[in-house]
Every structure is written in C-alpha cells, then in structure tokens.
Amino acid sequence: MKKCLLFLLISTSIYAKDFDVRDFGAKADGVSLDTQAVQAAIDACTKNGGGKVVIPAGKTVLIGTIYLKDYVTLYIENGATLLGSSDINNYATDTHKNMYKNEPHMDRCLIFAKGATSFAIEGYGTIDGNGYFKNFTRETGRPMLIRFINSNNIHIKDVTIKNPAAWTSAWLYCNEIVVEGIKIHSRANNNGDGLDFDGCTNVRVSNSSFDTSDDSICIQASLQDKPSKNIVITNCTFTSKWAGLRIGLLSRGDIESVTVSNCTFNDIDDSGLKIQLNEGGEMKNMIFSNLVMKNVPRPIFMTFAQQKACVDAPEVMYPMKAMHHFIFDGIIADNSDLDKNSAIFITGMPDHYITDIQLNNIQMTVSGGGTQKDAEKTAFKEYTLDVLNGWWPEFHLVGTLPAYGIFARHVKGISINNVQVNTMKEDQRSPIVFDDVINGNIQNTKANNFLVNKAKYINQ
C-alpha cells in the first residue's frame, strides 16, 4: 500500500499539469518581485508538454516582463492578482515595439510572446498593470500590458485586465484568436486601448466589456503583406474616452471581412464606429448590425484619408487603393444630450470615393440646435496629407456639419433605407446632406416625422 502511494505521488509530481508559481520560488506577497519564479514555472510548463501556470487565489504576484510559450495556460485563479511592477527598469527591451510613429515610449510590455503556439490566459482573477501616472510617464516610458507577435492559437478567457500604463494589448500578425468573457478597464493612464489587432486573421471576440481611455477595440494592418481579415466581434459593451471600435488608421495592409453585432456603446467621447483607411491598403466587406448607442457623438465616422501613421512608413506616400462594401443595419443611437455634431459622417477624398454603403433600419435621436449659418456651410477641409500636417484624420479638422442626421461626401453608391432621425431642439440644417455623392438613394426615411425623399446636395 505504501509503495502504491509513493508511486502515485512520484507520478503526479512528474506528470503534473499545474505549475504553481510558489513551487518555483514566488513569494506571492505583492511586494517581492516574482518575475524569475513565474518565468521558471512557464519554462517548466512548456518543457513538460504544457499545462497551467497557476497564480493562486488570494495572492498577489508582482512581476516585470514575462514571456509566454507554447502550450502554456497562464491561469489566474479567482481572487488572484498578477501585478505589474511600478519600476520601468523591470520591463525588458526585447519585446518588439509600438507600430505607431512618434510613440517609442510604449515599446516595452509586461506579458510578451513571440512565435508561440497554442497558449492562453484564463481564470477569473485579475491582471493589474499598475500603470498610474505616478509610476509611468512619456518620459520614463509607458509599457503596454500585453504584446503577442507572429503567434497562433491564442485564447484569453474570463480574466479582468486593468490599469495598463499604455495599451492593454497589441496583437501583431497572429492567427486563430479567441477572446471571450473578459473585462478591460484602462483608465489609469493615457492611450489605454483595449484590444488592438494588427495584421491578424481569424479573430473572435465575444461576451466582453470595455471601459477605456482610448479606442476599445482596434483592427489595423501595419505591414503591406499582413492583412487583417475574418474578424467577428459580438455581444460586447463599450465605454470609451475615444472610439468604441476603430478600424484602420494603421492601414498599410488590407483590412476585410469584419462583422460586428449585438453590442452596446455608452458614453463614448469621440465615435462609436470609427473606420479609417489612409495608408494605401484596401478596406472592404464589413457588416455592423444590432447595435445600441447612447451618448455617442458620430455613431458612424468613416474617412478615406491620406496619412502615414506607421513607424516604418516610407517617405513617399502610398498610392491610394479602395474602400468599399459596408452595411450598417439595425442601429439605435440616442444622442439627445450631446451637442449638435452627433450625426453620421462619411467622407472620402476628391477622386477617391468610398463606394457601396448601405444604411438600413437606423433610429437616431439628436440634440439639434443647428443654425442657419451651419446649414449654409459648404467649405470643408479635405483629409489629405498636406492638411493633416502629420496628424490623424480627426473630426475637429472639419468642424460643424451642415446636416443633423447624415452627411456624406466623396461617396459613390450609398443607399439609405428605413432611417428615422428626430431632433430634441429646432434645427435649421437638413437631415441628410450629400457633397460629391454619386448614386445616392433614399427610401422610407423620416426626419421629425416628415418623409425625406431626397438629400440636400451641395458643391455639385
């Protein structure tokens, strides 16, 4: 009997699939730096064929940069906290870089993986980046919380991720990603993006909530040969100091085949859906359906612009490609408490049209209050490189719109069907205004309960 028990203990030890970080020397007291112990557990786990590296319940494990590897699940138990160090010197310098120009202060990160396969972060515990202004500034450096590059088969499930010093996560050129049931709260510092997918394919994000100091989810393509495509986002909630969902800006490569459904957007400071092609890629084939927005200026903000956002952008501007085939179907936007600039705004460039757009089954309540002067506005800055002067294609460059519902310019093929727009205050502007729009069609559309048969055309 004793021999059997001894054999069982030895076998369990050899073939154990759970690797508690305390068994590798972690103090787990929230004060002692446990980076080496956590990394030792990860290394042992991958060497033994994979399993769980456990951050134990009721404990706080303080770390600097760690490296996830093949077949490892970093499991943060309910009540456990994996805490980032407040000292920038505990963050490694071999964790790639931020792909945006002029932002090297965000090159470092807390959790890194490169060329890894089949790994995960799971559990009902918390990852806390400890990224407060008192710990990290632009001058000291502001580490991202997570960065994965050239990796495959990645899962993040159920965890709470909070207080990054910069972005919560950057996913570069990864394939087969599942993010499910997580909560991101990133208000401790600036530029607190949630999930940033750059050149990623086969991505599924679901049942998650975001409260961020910058874009909650970004879909981007910083390399010409690394497209972002086959991306599904569903059953999520968004609150953000900037955009709820941003597609583009970094857009040297193609971005296509994206669906977003069954999501709510609340108290967004900039835009709900911010879709921007400006670096020479092609953007196409996207559907956005069953969305509810409250206090979201510009529920839809689309720009076909001209800008170099990538850190590796060449001196010469890329030739512009195409932005086409978008469907927006089933959106309720209640912006009655915002200012008069809460319309849908879609703009291409002269001779570079956004094409084939459908706006179907949309209900919008806006504050109104536009003046006759606003209604007569016909001059608008174009989103071209000389006007942008080194900065992003933001709304403030255009200013007050001449429409309180939908303003479209440099668009070819736009269909507006079953749209209702109501203003809380009297507004002298038209509900729908077209500027250099070809093949615009309006059906079954009302503004303040009056039928709208056509748009007001300007500059045509």
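Now, about the state of the cysteines: what can you tell me, with residues and values included?
In the structure shown here, the tally under the stated rule is zero disulfides. Left unpaired, Cys218 is separated from the closest cysteine sulfur, that of Cys200, by 12 Å. Since its relative accessible area comes to 1%, Cys218 is described here as buried. With no disulfide of its own, Cys263 has Cys236 as its nearest cysteine by sulfur position, at a separation of 4.9 Å. What makes Cys263 buried here is its relative accessible area of 1%.

How would you explain the packing of aromatic side chains if you had to name every residue and give the values?
Evaluated as defined, the whole model comprises 17 aromatic pairs. Taken together, a centroid distance of 5.5 Å and an interplanar angle of 10 degrees make the contact between Phe301 and Phe345 stacked. One end of the pair, Phe301, is in strand β27 (residues 300–304); the other, Phe345, is in strand β29 (residues 344–347), and 44 residues separate them in sequence. With a relative accessible area of 0%, Phe301 lands in the buried category. A residue is classified by how much of its surface remains accessible, and Phe345, at 0% relative accessible area, is buried. Ring centres 5.4 Å apart and planes at 85 degrees place the aromatic pair Phe434 and Tyr457 in the edge-to-face group. Of the two residues, Phe434 is situated in strand β32 (residues 430–443) and Tyr457 in strand β35 (residues 456–458); the sequence distance between them amounts to 23 residues. For Tyr457, a relative accessible area of 42% puts it in the partly exposed group. Site record: aromatic cluster; members linked through ring pairs are Phe301, Phe345, Phe380, Phe395 and Phe407. Taking NZ or CZ as reference, Lys52 lies 4.3 Å from the ring centre of Tyr75, over its face. Across the ring face of Phe395, the terminal group of Arg298 is positioned such that the distance to the ring centre comes to 4.1 Å.

Can you break down the environment of Arg22 residue by residue, with the values?
The topology assignment puts Arg22 in the loop between β1 (18–20) and β2 (29–33). The partly exposed category is assigned to Arg22, whose relative accessible area is 39%. Among all residues touching Arg22, those that are not within four sequence positions of it are Ala28, Pro56 and Lys59.

Account for the nonpolar core, naming residues and giving values.
If you look at the biggest cluster of nonpolar residues, it comprises 110 residues, and the most contacted ones within it are Ile111, Ile121, Phe148, Ile233, Phe288 and Phe328. Ignoring sequence-local partners within four residues, the contact set of Ile111 consists of Ile66, Leu68, Leu74, Leu82, Ile121, Ile127, Leu145, Ile146, Arg147 and Phe148. Counting 17 residues, the second largest nonpolar core, distinct from the first, contains Met106, Phe112, Trp167 and Ala170.

Outline unusual backbone geometry, listing residues and values.
Comment: phi is negative for the bulk of residues other than glycine, and the bulk of peptide bonds are trans. Phi angles above zero are rare outside glycine, and Asn418 is one such case at about 55 degrees. Take Asn418: it is sitting in strand β31 (residues 403–423). Under the relative-accessibility criterion, Asn418 is labelled partly exposed at 33%. The phi torsion at Asn444 lies on the positive side, around 50 degrees, for a residue other than glycine. The topology assignment puts Asn444 in the loop between β32 and β33 (445–447).

Now, about the pattern of salt bridges: what can you tell me, with residues and values included?
In a structure, side chains of opposite charge can pair up when their charged atoms sit close to one another. Within this structure, the stated rule accounts for 14 salt bridges. A salt bridge links Arg246 to Asp215, with the shortest nitrogen-to-oxygen separation between them at 3.3 Å. Here the residue Arg246 occupies a position in strand β23 (residues 243–251), and Asp215 occupies one in the loop between β19 (209–212) and β20 (217–221), the gap between them amounting to 31 residues. Each of the two residues, Arg246 as well as Asp215, counts as buried. Where Glu382 meets Arg409, a salt bridge forms, and the shortest distance between an N and an O atom there is 3.7 Å.

Procedures and definitions
- Residues numbered from 1 in each chain as written.
- Predicted model: local features only at pLDDT ≥ 70, side-chain atom pairs only at ≥ 80, totals over all residues.
- Heavy atoms only, no water.
- Disulfide = S-S within 2.5 Å.
- Buried < 20%, exposed > 50% of the residue type's maximum accessible area, 1.4 Å probe, protein only.
- Phe/Tyr/Trp six-rings, centres within 6.5 Å; stacked < 30°, edge-to-face > 60°.
- Helix = DSSP H or I, 4+ residues; strand = E, 2+ residues; numbered from the N terminus.
- Lys NZ or Arg CZ within 6 Å of the ring centre and 35° of its normal.
- Contact = heavy atoms within 4.5 Å.
- Core = buried A, V, L, I, M, F, W, Y, C linked by side-chain atoms within 4.5 Å.
- Salt bridge = Lys/Arg side-chain N within 4 Å of Asp/Glu carboxyl O.

Honestly, it's all geometry; don't read function into it.
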